[in-house]
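Now for the letters of each chain:
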Amino acid sequence: MVQNQKSYGPPRESWGSRIGVILAVAGSAVGLGNFLRFPGVAVQNGGGAFLIPYFISFLLLGIPICWVEWTIGRRAGRLGGLSSSPGIFGMLGGGGPVKYVGALGLFIPIVIYMYYVYIESWCLAYAWFSLKGDLILGEGGKHAAFFSQFTSGDQYFDALPETLTTLLPQNFFFFILTFFINFFLIFRGLSRGIERFCKWAMPLLIFSAIFIVIRVLLLGTPDPAHPDQNVVNGLGYMWNPNWSELANPNVWLAACGQIFFSLSVGFGIILTYSSYLTKKDDVVLSGLTASSMNEFCEVCLGGMIIIPAAFIFLGVSQMEGIAKAGTFSIGFVVLPQIFELMPLGQGCGTLFYFLLFLAGITSSISMLQPAIAFIEEGFHVRRSTSMAILGLITLMGTTVVILSPGFTVLGTLDEYASNLGIPLLALFEVIVFIFVIKVKDGVEEAHVGADMRLPRWFPFVITYITPVFLLVILGSWLWSKIHPFFSGGVTVFADPIQSGTILAMVGFFVILVFLVKAAWPRMAKGMQQKQ
Amino acid sequence: MTPLGWIIFIVSNAIVIGLCISCIIRIFLIPREHMQAFLEIDTHDLDDNEDPKG
């Protein structure tokens, strides 16, 4: 493990190479959403026309916040020697109440990890099923039944004897395997675990995706009886613009949301990753490179696989339903049908689900690092102890996700962490950059060791445009939650599982705030020694 | 696919691929002294010195 020895607290880790940190950040950003969520969102929101608000959001929201996170993280890391969000916010805020905002930077990645690792295990399982030929099920909705049977936690109780010998052991086996792979990589450390893994996983992921894109583009017109179901029309279904959609504010919000979640900004992960950089390391070009890699995977690869392939094999009549079906249905019900109909589909299916697994694991390991950093620098425990604590917490959370009926717990965790937590943390980061660091000093800080300068429009955008964007995103989501109560017909705590999940999240966040309070004296002492 | 669809498809992909390739080329063209070496072995030769990263 590459570490810098210090006399107070645990030894501090660092990155081994520049390309390693870029691939690690890009790996954190490239996830299931690039290949499963983006195509569906684009088709539902104007097709090719959606790319206009999408790229505007990338310029005005994604990239500016990305640069802010890289800059804040490196500043706190090199001046205070702290890597967790509470440490970073506490250091920048002079130890004041701002440090409690950092609890969000622990809360978000831990909560998302609790369900993300489970979905990730589905990808590994489906890669295995596809390799064995288990996904060749024929027509008649059997793929949906297979997925439902595979994922339904309530079957633990309903059909225990049967499921114990068939599907559920596999379900649980793949989850445990995925869970331990994640923690094994974290145990190896920042440089030897995360960085080394991302150095081979990211190129492998990209080459696998390019291979599948080429396969889809070479499909031509597989069924002569349906000459309209060809690759050009499939691309047209994805990319033909519907300009009228641009007048719909929800399309712009969808574009903001997609960029926001896709780049992994507002998670607290980039803050932690960049805190391990040194004064000589560039943050501007590195941040832009990692973001552009994510865009390549999303637009150039994700935009050319699912929708064109679905159009070719299932036809235009089913496309509307597919686009609205949601990420899980597209990924684990529709895609197996497509791979079943596709020539060489079994191999392509195995490769595609394996690349989804790689995309998932490069993201999920990044979600663990902020909490590991917090436990180690706040409580001065060894890596094995911090892993045991975090492993127990996340295992408990994921077990609830698995055992709960349907996807209610999973959906609730996702909705509140993604739609409320992430924009809120991003807003706090921008506020800290504007009012605590000051924009002028922040720009100078970003330029230290930089291989390219920030664009001239950056100070204006980060001061006036990005915060407004974030407030609109937060406000529209809050309005969508509050509005139904005013219009009547909605009862608070109508769904006990959803309400219980929300209360559990609130309780978990409060516990994290108290832990930040308890850990701060040690972090402050370490920071003083560093300074 | 309509002509406008083709234009958006080509321009969008060209923008993203161009940005990605230009960034990667710049990364690899920077002088070696800006790169950190990957340390396989922690030699502990900085143990008694001030942390050089400050």
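Not measured: the values here are computed from a predicted model.

**Student:** Could you give an account of the overall build of chain B, with specific residues and numbers?
**Tutor:** A count of helical and extended segments in chain B gives one helix and zero strands. Here chain B, with 54 residues, has 24% of them falling under the buried criterion. Accessible surface, chain B: about 3900 Å² in total, of which carbon and sulfur atoms supply 68%.

**Student:** Lay out the overall build of chain A with the relevant residues and their values.
**Tutor:** Within chain A, the regular secondary structure consists of 22 helices and two strands. Contacts in chain A between residues far apart in sequence, at least 24 positions, make up 83% of those at least 6 positions apart. A total accessible area of about 19000 Å² is found for chain A, and carbon and sulfur atoms account for 68% of it.

**Student:** A description of helix α21 (residues 458-487) of chain A should follow, citing residues and the corresponding values.
**Tutor:** All names here are of chain A. Relative to the 44 Å expected for 30 residues at 1.5 Å per residue, α21 spans 41 Å between its end C-alpha atoms, a close match to the ideal helical length. Along α21, the sharpest change in direction is near 35 degrees and occurs at I465; proline P467 comes one to four residues later. As for α21, its buried residues are in contact with α3 (51-80), α12 (249-262) and α20 (408-447).

**Student:** Residue-level account of the pattern of salt bridges, with values.
**Tutor:** Two side chains bearing opposite charge may form a pair once their charged atoms approach each other closely. All names here are of chain A. Taken as a whole and judged by the stated rule, the model has nine salt bridges over all chains. Among the salt bridges present, the one from E445 reaches R75, with a minimum N-O distance of 3.2 Å. Note that E445 is positioned in helix α20 and R75 in helix α3, a separation of 370 residues in sequence. Linking E195 and K199 is a salt bridge whose minimum nitrogen-to-oxygen distance equals 4.0 Å. With E195 and K199 both in helix α10 (residues 190-217) and four residues apart, the pair spans about one turn of that helix. The class for E195 is buried, based on a relative accessible area of 0%.

**Student:** Lay out the packing of aromatic side chains with the relevant residues and their values.
**Tutor:** Residues and elements named next belong to chain A. Using the criterion set out here, one finds 47 aromatic pairs over all chains in the structure. Ring plane angle 55 degrees and centroid distance 6.1 Å describe the contact between Y113 and F179, whose orientation is recorded as tilted. Taken together, the positions of Y113 in helix α5 (residues 98-132) and F179 in helix α9 (residues 167-187) put the pair 66 residues apart, joining distant regions of the chain. A relative accessible area of 0% places Y113 in the buried class.

**Student:** Tell me about the side chain of E376 of chain A, and please be specific about residues and values.
**Tutor:** If you trace the backbone, E376 of chain A turns up in helix α18 (residues 345-379). A polar contact is formed between the side chain of E376 of chain A and the side chain of R383 of chain A, at a distance of 2.6 Å.

**Student:** Tell me about the confidence of the model for chain B, residues and numbers included.
**Tutor:** Here chain B shows a mean pLDDT of 73. Residues at 70 or above account for 56%. Segment residues 34-41 of chain B is flagged for pLDDT under 50; beyond a separation of four residues in sequence, or across chains, it makes 18 contacts in the model.

**Student:** Describe the nonpolar core, listing the residues and the values that go with them.
**Tutor:** Among the nonpolar cores identified, the biggest contains 193 residues, and F35, L205, W239 and F352 of chain A are the most heavily contacted of them. Sort the elements by how many residues they give to this core and α5 of chain A lands first, with 23 residues.

**Student:** Explain α10 of chain A to me, and be specific about the residues and the numbers.
**Tutor:** If you check α10 of chain A, its first and last C-alpha atoms are 38 Å apart, about what 28 residues at 1.5 Å a residue would give, namely 40 Å. The principal kink in α10 of chain A, of about 30 degrees, is found at C198 of chain A.

**Student:** Outline the state of the cysteines, listing residues and values.
**Tutor:** One pass over the full model with this rule turns up zero disulfides over all chains. Free cysteine: C297 of chain A, not disulfide-bonded; nearest cysteine sulfur from C20 of chain B at 7.8 Å. For C297 of chain A, a relative accessible area of 0% translates into the label buried.

**Student:** With reference to specific residues and values, describe a nonpolar patch on the surface.
**Tutor:** Together, I52, I56 and W243 of chain A together with L4, I7, V11 and I15 of chain B line one region of the surface with nonpolar side chains, adding up to about 590 Å² of accessible area. Put simply, the parts of the chain that give the nonpolar patch at least two residues each are α3 of chain A together with α1 (3-29) of chain B. The element best represented in the nonpolar patch is α1 of chain B, accounting for four residues. Looking at the element boundaries, I15 of chain B is found in helix α1.

**Student:** Provide a residue-level description of unusual backbone geometry, including the pertinent values.
**Tutor:** All names here are of chain A. Unlike most non-glycine residues, S264 shows phi in positive territory, near 60 degrees. Mapped onto the fold, S264 is located in the loop between α12 and α13 (269-275). Phi is positive for H380, which is not a glycine, with a value near 55 degrees.

**Student:** Please give an account of the packing of helix α15 (residues 306-314) of chain A against helix α17 (residues 327-341) of chain A that cites residues and values.
**Tutor:** All names here are of chain A. Put simply, α15 and α17 touch, their axes get as near as 10 Å, and they point 55 degrees apart. When the interaxial angle is binned, α15 and α17 end up oblique. The chirality of how α15 crosses α17 is left-handed. Note on element contacts: α17 touches α15 through I330, V334, L335, Q337, I338 and L341, opposite I306, A309, A310, F313 and L314. By residue class, the composition of the contact of α15 with α17 is 10 nonpolar, one polar and no charged.

**Student:** Can you tell me about the environment of W252 of chain A, naming the residues and giving the values?
**Tutor:** Topologically, W252 of chain A is positioned in helix α12. Once residues lying within four places of it in the same chain are set aside, the contact partners of W252 of chain A are P53, I56 and L246 of chain A.

**Student:** Describe the packing of helix α1 (residues 18-29) of chain A against α10 of chain A, listing the residues and the values that go with them.
**Tutor:** Residues and elements named next belong to chain A. α10 packs onto α1 with a crossing angle of 75 degrees between their chain directions and a minimal axis gap of 8 Å. Comparing the axis directions of α1 and α10 gives the class roughly perpendicular. Contacts between α1 and α10 involve I19, G20, L23, A24, A26 and G27 from the former and I194, E195, C198, K199 and M202 from the latter. Broken down by class, the residue content of the contact of α1 with α10 amounts to seven nonpolar, two polar and two charged.

**Student:** Residue-level account of the environment of M523 of chain A, with values.
**Tutor:** Structurally, M523 of chain A can be placed in helix α22 (residues 496-530). Beyond its immediate stretch of four places on either side in the chain, M523 of chain A contacts L82, S84, P86, G87, F374, E377 and G378 of chain A.

Criteria and cut-off values
Residues numbered from 1 in each chain as written. Chains lettered and ligands numbered in written order. Predicted model: local features only at pLDDT ≥ 70, side-chain atom pairs only at ≥ 80, totals over all residues. Heavy atoms only, no water. Helix = DSSP H or I, 4+ residues; strand = E, 2+ residues; numbered from the N terminus. Buried < 20%, exposed > 50% of the residue type's maximum accessible area, 1.4 Å probe, protein only. Areas by Shrake-Rupley, 256 points an atom, 1.4 Å probe, with all protein chains shown as cover. Contact = heavy atoms within 4.5 Å. Expected span 1.5 Å × (residues − 1). Bend = angle between axes of the 7 residues up to and from the residue. Salt bridge = Lys/Arg side-chain N within 4 Å of Asp/Glu carboxyl O. Phe/Tyr/Trp six-rings, centres within 6.5 Å; stacked < 30°, edge-to-face > 60°. Polar contact = N/O pair within 3.5 Å; in protein donor to acceptor, adjacent residues only side chain to side chain. pLDDT = per-residue confidence, 0-100. Core = buried A, V, L, I, M, F, W, Y, C linked by side-chain atoms within 4.5 Å. Disulfide = S-S within 2.5 Å. Patch = residues over 30% accessible without salt bridge, like charges linked within 9 Å, V, L, I, M, F, W, Y side chains within 5 Å. Axes fitted to C-alpha atoms, helices over the stretch in contact; angles between N-to-C directions. Parallel < 35°, antiparallel > 145°, perpendicular 65-115°, else oblique. Left-handed = near helix turned anticlockwise from the far one by under 90°. Nonpolar A, V, L, I, M, F, W, Y, C, P; charged D, E, K, R; others polar.

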